[in-house]
Amino acid sequence: MACPKKKTSKSKRSMRRAVWKRQAALQAQRALSIGKSILTERAKGFYFPEGEENTEDEE
């Protein structure tokens, strides 16, 4: 027979949420940094095709 599970305390719940929010903030910061480096054309580790935009305008 199934038994009910114990209730999770507020402190454990808040710790889990804090970890999740910290990870999300770090990912957002990295994405913004990558976007800025691509826009300023300082990106060294990314392949960004430049010739595709010109072909659409000429046609």
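The present account deals with the structure reproduced in this document. (Residues numbered from 1 in each chain as written. Predicted model: local features only at pLDDT ≥ 70, side-chain atom pairs only at ≥ 80, totals over all residues. Heavy atoms only, no water.)

To continue, consider the overall build of the protein chain. Each helix and strand counted, the protein chain has 2 helices and 0 strands in total. Among the 59 residues that make up the protein chain, the fraction classed as buried is 0%. Summed over all atoms, the accessible surface of the protein chain reaches about 6500 Å², with 55% contributed by carbon and sulfur. (Helix = DSSP H or I, 4+ residues; strand = E, 2+ residues; numbered from the N terminus. Buried < 20%, exposed > 50% of the residue type's maximum accessible area, 1.4 Å probe, protein only. Areas by Shrake-Rupley, 256 points an atom, 1.4 Å probe, with all protein chains shown as cover.)

The next point concerns helix 1 (residues 10-39). Relative to the 44 Å expected for 30 residues at 1.5 Å per residue, helix 1 spans 43 Å between its end C-alpha atoms, a close match to the ideal helical length. Positioned one or two residues after helix 1, Glu-41 has a phi angle of 60 degrees, which is positive. (Expected span 1.5 Å × (residues − 1).)

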